[in-house]
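Chain and residue survey
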Amino acid sequence: MTSIPGGCQCGAIRYAMHVPRVEKPHVCHCRMCQRATGGLFAALAGCAKSKLEWTKGQPAFFASSNLARRGFCRDCGTPLTFAYDAPEARIYVAIGSMDDPELAGIEIQYGLEARIGWVKFCEDVPGEVTGDSPAAQEFFAGMVSNQG
Ligand SMILES: [Zn+2]
Ligand SMILES: [Zn+2]
């Protein structure tokens, strides 16, 4: 079986995604992702929760809202995962934590409402504003942020 490995910068945590290819590689420019990563956007690629195996160590998690948790290495601080709590939701890993980020060329951008004006890249990649559909609006209406 193919698997796609990655891990944190200190090596305490390693994972393998047991899938032939990552699903829905994307960047999210939303403010919550900016703050969670300390970066200009989050770059994430996913798989079914059941397909992600922690092969070394276990991450710590921060519930950035009542809807989602973000995994990170408690030793070195590398942001590692994002997932909504619903069991059927995908789990996403940070593309930069993958051993081969080339495997996760982004297909879509989210959170365009918060894209920083001077962030210019992948401009040919389609994008969405957070809560742009009625279903998404309803989902986010129930969100309570835990970010300070
Ligand atoms: Zn680490
Ligand atoms: Zn986001």
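This section reports on the structure supplied with the text. Since we're looking at a predicted model, the values are computed, not measured.

**Describing the overall build of the chain**
For the chain, the count of helices and strands is two helices and 10 strands. Listing every helix and strand of the chain by position from the N terminus yields β-β-β-α-β-β-β-β-β-β-β-α. Since a compact globule built from 148 residues should have a radius of gyration of about 15 Å, the 15 Å found for the chain is in line with a globular shape. With respect to the three principal axes, the spread of C-alpha positions in the chain is 40 × 35 × 30 Å. For the chain, with 148 residues in total, the buried portion stands at 33%.

**Side note on the sheet that holds strand β5 (residues 52-56)**
Taken together, the three strands give an open sheet; going across it, the order is β1-β2-β5, and neighbouring strands pair in antiparallel fashion. Every interior strand has two partners, whereas the edge strands, β1 (4-7) and β5, have only one. Mean inter-strand twist for the sheet, computed between neighbouring axes without regard to direction, equals 25°. Both strand β2 (residues 14-17) and β5 contribute to a ladder of four bridges, which runs antiparallel. Bridged to Tyr 15 within β5 is Trp 54.

**Overview of the sheet that holds strand β7 (residues 68-72)**
Ordered in space as β6-β7-β8-β9-β4-β3-β10, the seven strands form an open sheet in which the pairing is mixed. One side of each edge strand has no neighbouring strand; the edge strands of this open sheet are β6 (60-62) and β10 (108-110). Mean inter-strand twist for the sheet, computed between neighbouring axes without regard to direction, equals 30°. Pairing geometry for strand β8 (residues 79-84) and strand β9 (residues 90-94), over three bridges, is antiparallel. Paired with Phe 82 across the bridge in β9 is Tyr 92.

**Thoughts on the environment of Phe 61**
Structurally, the position occupied by Phe 61 is in strand β6. Owing to 15 C-beta atoms within 10 Å, Phe 61 belongs among the partly exposed residues under this scheme. Sequence separation between Phe 61 and Glu 102 is 41 residues, and the spatial gap between their C-alpha atoms is 26 Å. Ignoring sequence-local partners within four residues, the contact set of Phe 61 consists of Arg 69, Arg 70 and Gly 71.

**Focus on unusual backbone geometry**
Positive phi, close to 45°, is recorded for Lys 24, a residue that is not glycine. Positionally, Lys 24 belongs in strand β3 (residues 23-28). Residue Cys 122 is not a glycine yet carries a positive backbone phi of 45°. Along the polypeptide, Cys 122 turns up in the loop between β10 and α2 (134-141). For Cys 122, a count of 15 C-beta atoms within 10 Å puts it in the partly exposed group.

**As for the nonpolar core**
Across soluble globular proteins, you tend to see nonpolar side chains buried next to one another. Grouped together as the largest cluster of nonpolar side chains are 32 residues, with contacts concentrated most on Met 17, Ala 42, Leu 44 and Val 93. Broken down by secondary-structure element, the contributors of at least two residues to this core are β2, β3, α1 (31-37), β4 (42-48), β8 and β9. At five residues, the largest contribution of residues to this core is made by β4. Residue contacts for Leu 44: discarding those within four places in its chain leaves His 26, Cys 28, Phe 82, Tyr 92, Val 93, Ala 94 and Ile 95.

What counts and what doesn't
Residues numbered from 1 in each chain as written. Chains lettered and ligands numbered in written order. Predicted model: local features only at pLDDT ≥ 70, side-chain atom pairs only at ≥ 80, totals over all residues. Helix = DSSP H or I, 4+ residues; strand = E, 2+ residues; numbered from the N terminus. Rg over C-alpha atoms; globule rule 2.2 N^0.38 Å. Buried ≥ 20, exposed ≤ 12 C-beta atoms within 10 Å, placed from the backbone. Pairing = 2+ DSSP bridges. Axes fitted to C-alpha atoms, helices over the stretch in contact; angles between N-to-C directions. Contact = placed C-beta atoms within 7 Å. Core = buried A, V, L, I, M, F, W, Y, C linked by C-beta atoms within 7 Å.

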